[in-house]
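As a plain string of letters, each chain reads:
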Amino acid sequence: MKYLALIMVVWCLVAGCATPRPIPAISPLTADEEEQMIWRRAQKELDAINDSGMLYQNVEIENYLNRIAAKLHANSISPGFSFQIKVIKDPSLNAFASPNGVIYIHTGILARMDNEAQLAALLAHEIVHCTHRHSLRTLRSIKDRTQANNARVRELAQLLGINGSITSTSGYTRELETEADRVGLDLAIKANYDPREILNLFELLKQEIELEGIEEPYFFGTHPNVRQRIENVNNWLSEKYRGKITGIKNTDVFQSKISRLVLDNARLDLRQGRFFVAQRAVEKFLVIKQDDARAYFLLGEIFRQRGRQDDAAAAIKNYEKSISLNPSFPEPHKAIGLIHYKDGEKRLAKKYFESCLLLSPETIDRAYIQGYLKLCVTNGEG
Amino acid sequence: MKKIPALLISLFLITGCASVAQERSLKNLPENEFSVEIPEGWWKPNHINKYFITKDGAFLQYVLIQQRPIDLPYRHTKKKLNKGMLPQEAAGIIIDEIASDRRIFNFDVIENAPAVIDGHEGFKVLFIYKDKKGSAFKTLYYGFISGDSFFNLRYNAAMRHYFEKDIADFEHILSSFKVVKAKAALQIARDR
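Conventions adopted
Residues numbered from 1 in each chain as written. Chains lettered and ligands numbered in written order. Predicted model: local features only at pLDDT ≥ 70, side-chain atom pairs only at ≥ 80, totals over all residues. Helix = DSSP H or I, 4+ residues; strand = E, 2+ residues; numbered from the N terminus. Buried ≥ 20, exposed ≤ 12 C-beta atoms within 10 Å, placed from the backbone. Contact = placed C-beta atoms within 7 Å. Pairing = 2+ DSSP bridges. Axes fitted to C-alpha atoms, helices over the stretch in contact; angles between N-to-C directions. Nonpolar A, V, L, I, M, F, W, Y, C, P; charged D, E, K, R; others polar. pLDDT = per-residue confidence, 0-100. Core = buried A, V, L, I, M, F, W, Y, C linked by C-beta atoms within 7 Å. Domains from an automatic or database assignment. Parallel < 35°, antiparallel > 145°, perpendicular 65-115°, else oblique. Left-handed = near helix turned anticlockwise from the far one by under 90°.

Engineer: Report on the overall build of chain A, specifying residues and quantitative values.
Structural biologist: Each helix and strand in chain A was counted, giving 17 helices and three strands. Expressed as a percentage of the 382 residues in chain A, the buried residues total 43%. For chain A, the share of sequence-separated contacts (at least 6 apart) that also reach a separation of at least 24 residues comes to 69%.

Engineer: Talk me through the overall build of chain B; I want residue IDs and the actual numbers.
Structural biologist: Looking only at helices and strands, one finds four helices and eight strands in chain B. Listed N to C, the secondary structure of chain B is α-β-β-β-α-β-β-β-β-α-β-α in terms of helices and strands. For chain B, the residues scored as buried account for 29% of the 192 residues in total. In chain B, the share of contacts with a sequence separation of at least 24, taken over all contacts with a separation of at least 6, comes to 49%.

Engineer: Describe the environment of I248(A), listing the residues and the values that go with them.
Structural biologist: All names here are of chain A. By secondary structure assignment, the location of I248 is in the loop between α10 (226–239) and α11 (251–271). Residues I248 and D194, 54 residues apart in the sequence, show an inter-C-alpha distance of 5.2 Å. In this view, I248 contacts A117, N192, Y193 and D194; residues no more than four positions away in its chain are not counted.

Engineer: Lay out the sheet that holds strand β3 (residues 102–106) of chain A with the relevant residues and their values.
Structural biologist: Residues and elements named next belong to chain A. Pairing in this open sheet of three strands is mixed, and the strands run β1-β3-β2 from one edge to the other. Because the sheet does not close on itself, it has two edges, and the strands there are β1 (84–88) and β2 (95–97). Strand-to-strand twist in this sheet, taken as the mean axis angle between neighbours without regard to direction, amounts to 20 degrees. Where β1 lies against β3, five bridges are found, and the strand directions are parallel.

Engineer: Please provide a residue-by-residue account of the interface of chain A and chain B, values included.
Structural biologist: The extent of an interface is frequently quoted as the accessible surface area lost upon association of the parts. Every contact between the two is made by 15 residues of chain A and, on the other side, 16 residues of chain B. Take the side of chain A that touches chain B: its biggest share by element is three residues, from helix α17 (residues 366–381) of chain A. The residue makeup of the side of chain A that touches chain B, split by class, is four nonpolar, six polar and five charged.

Engineer: Could you give an account of the sheet that holds strand β5 (residues 120–130) of chain B, with specific residues and numbers?
Structural biologist: Residue and element names in this part refer to chain B. Read across the sheet, six strands follow the order β2-β3-β7-β6-β5-β4 without closing on themselves; strand pairing throughout is antiparallel. Either end of the sheet is taken by a strand with one partner, and the two such strands are β2 (51–53) and β4 (105–117). Mean inter-strand twist for the sheet, computed between neighbouring axes without regard to direction, equals 15 degrees. Across the face of the sheet, helix α2 (residues 87–99) comes into contact with β4, β5 and β6 (136–146) while running at roughly 25 degrees to β5.

Engineer: So what about unusual backbone geometry? Which residues, and what values?
Structural biologist: The phi dihedral of D310(A) is positive, around 75 degrees, even though this residue is not glycine. A positive phi is found at H161(B), a non-glycine position, where the angle reads about 75 degrees. Among the secondary structure elements, H161(B) is positioned in the loop between β7 (149–158) and α3 (162–176). Given 11 C-beta atoms within 10 Å, H161(B) falls into the exposed group.

Engineer: Would you mind going over the confidence of the model for chain B in detail, with residue names and values included?
Structural biologist: Residue and element names in this part refer to chain B. On average, chain B scores 86 in pLDDT, and the residues at 70 or more come to 82%. Contacts for the low-pLDDT stretch residues 7–21, under 50 throughout, to residues beyond four places or in other chains number two contacts. Prediction confidence for the complex, expressed as pTM and ipTM, is 0.83 and 0.83 respectively.

Engineer: Give me the confidence of the model for chain A: which residues, what numbers.
Structural biologist: Residue and element names in this part refer to chain A. Summarising the model, chain A shows a mean pLDDT of 83, and 80% of its residues fall at 70 or more. Contacts for the low-pLDDT stretch residues 1–26, under 50 throughout, to residues beyond four places or in other chains number 41 contacts. Within the model, the stretch residues 155–169 combines pLDDT values under 50 with 40 contacts to residues more than four positions away or in other chains.

Engineer: Explain the pairing of β7(B) residue by residue, including any values.
Structural biologist: Residues and elements named next belong to chain B. Here β7 lies mainly inside the structure; eight of its 10 residues are buried. Bridging between strand β3 (residues 61–69) and β7 involves nine bridges; their strand directions are antiparallel. In the strand pairing of β7, V63 is matched with Y155. Here 10 bridges tie β6 to β7, and the two strands are oriented antiparallel to one another. Bridge pairing links Y141 to R154 in β7. Between the end of β6 and the start of β7, which pair antiparallel, lie two residues, with G147 showing a positive phi angle near 60 degrees.

Engineer: I'd like a rundown of the nonpolar core, residues and numbers included.
Structural biologist: Membership of the largest hydrophobic core comes to 82 residues, with the highest contact counts inside it found for L72(A), A120(A), L123(A), A188(A) and V282(A). The biggest single contributor to this core is helix α5 (residues 116–131) of chain A, with 10 residues. There are two domains that each give this core at least three residues, and those are domain 1 (2–239) and domain 2 (273–381) of chain A. The next biggest cluster of nonpolar side chains, apart from the first, holds 30 residues, and it includes I53(B), Y62(B), I65(B) and F123(B).

Engineer: Please give an account of the packing of helix α3 (residues 59–73) of chain A against α5(A) that cites residues and values.
Structural biologist: All names here are of chain A. In the contact formed by α3 and α5, the axes pass within 10 Å of each other and the chain directions differ by 60 degrees. As summarised for this structure, α3 and α5 are arranged oblique, according to the angle between their axes. Between α3 and α5 lies a crossing of right-handed hand. Contacts between α3 and α5 involve I68, A69, L72 and H73 from the former and E116, L119, A120, L123, A124 and I127 from the latter. For the contact of α3 with α5, the per-class residue count stands at eight nonpolar, one polar and one charged.

Engineer: I'd like a rundown of the environment of C356(A), residues and numbers included.
Structural biologist: Residue and element names in this part refer to chain A. In this fold, C356 is placed in helix α16 (residues 346–359). Residue C356 is classed as buried on the basis of its 24 C-beta neighbours within 10 Å. Excluding anything up to four places from it in sequence, C356 contacts P330, H333, K334, G337, T363 and I369.

Engineer: Pulling in residues and values, what's your account of the packing of helix α13 (residues 293–306) of chain A against helix α14 (residues 311–325) of chain A?
Structural biologist: Two numbers describe a pair of packed helices, the interaxial angle and the distance between the axes. Residues and elements named next belong to chain A. At their nearest, the axes of α13 and α14 sit 8 Å apart, and the two run at 165 degrees to each other. In this view, α13 runs roughly antiparallel relative to α14, as classed from their interaxial angle. Judged by the sense of rotation from one axis to the other, the crossing of α13 with α14 is left-handed. Contacts between α13 and α14 involve A293, Y296, F297, L299, G300, F303, R304 and R306 on the former and, on the latter, D311, A312, A314, A315, N318, Y319, K321, S322 and L325. Taken together, the residues of the contact of α13 with α14 sort by class into 10 nonpolar, three polar and four charged.

Okay, structure coming up:
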C-alpha cells in the first residue's frame, strides 16, 4: 500500500495535469522496444491475476463478452489488435484494460448493468485505451516531462516501476479518458447500440456511489469526474450524432446471460456487509429466475446477518421458501436452526439442525451444529 | 567522488541504526487486558506497535494477539461484531473480513470450529492464502467476545516448513492466555 500511495503521488506529479505527447492515433501497431517492454510487464501482472483465484470462471459469460467486444472492435482503428475479456470476482464497480488487449471487468459493475448497450459502452471505452495505446502515450508523456523538468521525479518513477506496464487500474489523464469516452461512444454507435445507455449507466452508478458512500472507482472516477463525462456525452450526442440516436439494448439477452453472476456478486456484496446492494441484486435476480432456492436462501442470509428489527422473520420466510423449492438444500435448515437457537426455541432449533446434518453430514461447520445439538438436549428440550 | 565517502558514512549510520532497531527483545509490548507466556526465541519488531512477536522474521512466522473494542469497524467488511453473537457468527465476520481483503489471494478455509480460550466460548479458524507475490501462508485464528472486547490470537506462518515448525510454541502461548484486568486497555486500543 505504501508503494501504491507513492506511485499515486508520483503519478499526480508527473502525469496528473499533463497533456500527453500525441502519437498518431492511426499509426500501424508495430510495437517498438518501449511498447514491448510495457506488454511484457503487463503479461507478468496478468499471469499473477490468472493465478490469484480472482477470475470468475464462466465460459458462457466470457464468450458472450468476447462476442460483443469483437463487434465493437470491428470498427476500431486497429482491427488487427487481439482482445480478450475476462471477469474478476470483485463487487466494486470497476473495469480496466491491460495494454496488450486483455480487458478485465469486475462482477460488481456487470451485476449493476441493465442491458447489453451499457456493457458495450464500457467495453468500447476500454478497447479505445488499448487501440489508442494510452499506456505508451502515458509512458512517453512521463518520460518527456521528467527529462525536461525533473530528473529526480523520473528516477523515483523508475524506482517504483512506473516504466513497467501501465494498466489502467488507476486511470489515465483527463484527455485520454475523454478520448476513450468519445471514440468509445462512436464504436458503440457503429455497432448499432443505443448510445444513450452510457448515460443511464453513469446515472445508475452515480446513485449507487452516493447511496452506499462507495469510494468512486476508476471507471467512473475523477479523470474527468462523472458529471463532466455525462455532460460530454450529452454534448456529443446532441452535436455529432443528432438524429442518429437509436440502437439496440438487448436487455433480455443480457439479463439472461449474466443472471447467475448477479447472484454470485450479491454474495460478495453480502460478505462486505453491503446489505442493501446485495438485497437489491437478489431481488433483481428473482425477477428473472423466480424459482431459485439459492437466491431465496441468500435473501434470508442478508436479513439474518443484517439483524434489524423484523429481519429474523423476513429471513425465516425466505429460508422456508428456499426449502420449499429445494428440500435437500441443507443451508436454510441450518440458518433457521440458528435463529431459533438464539431465540431460545431449542426444540425447533434441534429439528432444523438435525435436518441440516442429515442432508449434509460433512458440512464445514458441523462441529458448531453438534455443539448446539448437545446444548439443546442438556437444556431438557430434546 | 566527494559524494562517495558521504554516501558510505550515511550507509554506515543507517545500517547502525537498523541493527539497533532490530534488537531481539520483548521490550515495548503494549499493555492489554490479557497475559500470555511467550516461549524463548520470540521477539517483537520495534517498528510494529502491536502485540506482535516473531521468531525468524515476520514474513516467516508471527503471532499477533489483539484486544479490540467490539464496535470498532473493520476495514474490508461493514459487518460488525456484537455482544449477543454466537462464536460461529463472529467467526463468519472474521472470515468475511479476511476474504474481502484485496491483498489476500486464493483464500480457503480449512477448518471452522468452536473453541474454548481461557474458559471463554470462542472459535478457531484455520485458513490458507497467498500474498501478491504468490507466497503461500497458513493461519490459525482463535477469537472470542468478552464484555466490550473481541480478543483474538493468530498464528501466521509460511505454509512450507514454518507453520509446522512453530505451531507448538503457538499452542503454548494459547494455553497460557488469560484475560486480566489492566488499565484502560480499551482506550489504548481505540487510540492506536
